[in-house]
Amino acid sequence: SNEKIKPMAEEFDVVIIGGGPSGATAGRLLAEWGHSVLILCRPLGRQPAMAESLPPSSRKLFAHLGILDQVDKAEFYRSSGNTVWWGESEGRVERFSDSSDHWGYQVLRSDFDHLLLQLAKESGACVYAQGRVFQVELETETQARVEYRDERGDKCCVMATFVLDCSGRAGVLSRRILRKKEPGFNTFAIAGVWGKESGWKLEDESHTLVETYSNGWVWSIPLSPVLRYFTVMMDPEVTPIKKKADLRSTYLAEIEKTAHTRELLLESSLQGSPWGCDASLYSASRFAGPKFLLVGDAGSFIDPLSSFGIKKALASAWMAAVVVNTCLGCFEMTNVSLEFFSD
């Protein structure tokens, strides 16, 4: 694997910060189109992996990106719809379609991201999963300078014609470009993994579950008939968390406020400790410049209730790859291409 081998080249057409869905997808496409690409990312598994739901419309995007067969062969848990208790006691069981071949996917992000990174490597992108980027200098004449630390903590740098910030919420580059939270959408998420050997006794075990309660909402994604992720979404100004030790007690207290989720979790067991993360909405005042693009969640974050986060990241990555390919191959189209990406 070249994931842990420090890149020998000092210059690349494109350096990508982050190896999630947007970084791996943009890197794979640009490498396939003949550009030299370096993806700098952290090793998978350093943080707890989230489970996420992909709607059936993602399949059309996978097909367009040329990876539908590989995604299907990965045998991710397939979903036929959603079960929702939103402000009402009677749940709505909503199927995506009556057709048996119209399904979505329930994916563990670490597995999904690994698949996309592997496809990027197979297409010729250099993947270095020990590179922690700490500085991007755009004020050079012709190229950007990307500084990172290797696995030993030593400072290294590479030059690039374009830098794609695909670092998600971390926003290695985008935080410098006036990224701001959307007012009124301050949200904190606490997730936990639950197992129930007897099954969940739902009308459809594959469904994503969503339930509102007094101070927030909870959603659940299955990865198998007996294993589910349950995540509570709350306003930290309404339910403050003063220290990390409060996560478990706060998480369980929020679940106790629910009706259906609380009942579902009877006779189930919490696997390990819950963990938390910011889930507030944000956007950037600029999404592109002469040497950079903000791709996927690095530039903006939308409400996770929509289940379109990964699809948005992939679509943004595809657009970024098209724009960079245009700029590298047709310099006179640079300004209009960057404006097109921002729009």
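Structural data are supplied above this passage.
Residues numbered from 1 in each chain as written. Predicted model: local features only at pLDDT ≥ 70, side-chain atom pairs only at ≥ 80, totals over all residues. Heavy atoms only, no water.

> With reference to specific residues and values, describe the sheet that holds strand 3 (residues 51-54).
The three strands are arranged 3-7-4 in an open sheet whose pairing can be described as antiparallel. If you trace the sheet from one side to the other, it starts and ends with strand 3 and strand 4 (77-79), each paired once. Each strand of the sheet is rotated relative to its neighbour by a mean of 30°, with strand direction disregarded. In this sheet, strand 7 (residues 104-108) lies alongside strand 3 in antiparallel orientation, the contact comprising four bridges. (Pairing = 2+ DSSP bridges. Helix = DSSP H or I, 4+ residues; strand = E, 2+ residues; numbered from the N terminus. Axes fitted to C-alpha atoms, helices over the stretch in contact; angles between N-to-C directions.)

> For the side chain of R179, give the residues involved together with the corresponding values.
When you line up the elements, R179 lands in the loop between strand 11 (155-165) and strand 12 (180-181). Nearest to the buried, unbridged R179 among oppositely charged side chains is D165, at 6.2 Å. Within polar-contact distance, the side chain of R179 engages the backbone oxygen of G168 at 3.5 Å. Among the polar contacts listed, one links the side chain of R179 to the backbone oxygen of A298, at a separation of 3.1 Å. (Buried < 20%, exposed > 50% of the residue type's maximum accessible area, 1.4 Å probe, protein only. Lys, Arg positive; Asp, Glu negative; His and termini not counted. Salt bridge = Lys/Arg side-chain N within 4 Å of Asp/Glu carboxyl O. Polar contact = N/O pair within 3.5 Å; in protein donor to acceptor, adjacent residues only side chain to side chain.)

> Which residues make up the side chain of K291, and what values do they have?
Residue position: K291 is located in the loop between strand 19 (288-289) and strand 20 (292-294). Given the relative accessible area of 13%, K291 is considered buried. Reaching out from K291, the side chain makes a polar contact with the backbone oxygen of L138 at a distance of 3.3 Å. In contact with K291, other than residues within four places in its own chain, are L138, T140, E141, T142, Q143, A144, T161, F162 and V163. (Contact = heavy atoms within 4.5 Å.)

> Can you break down the pattern of salt bridges residue by residue, with the values?
As enumerated under the stated definition, the model contains 13 salt bridges in all. Measuring nitrogen to oxygen at the nearest pair gives 3.9 Å for the salt bridge that ties D72 to R78. Take R78: its relative accessible area is 39%, and that puts it in the partly exposed class. Through salt bridges with shared partners, a single ionic network connects E52, R109 and D113.

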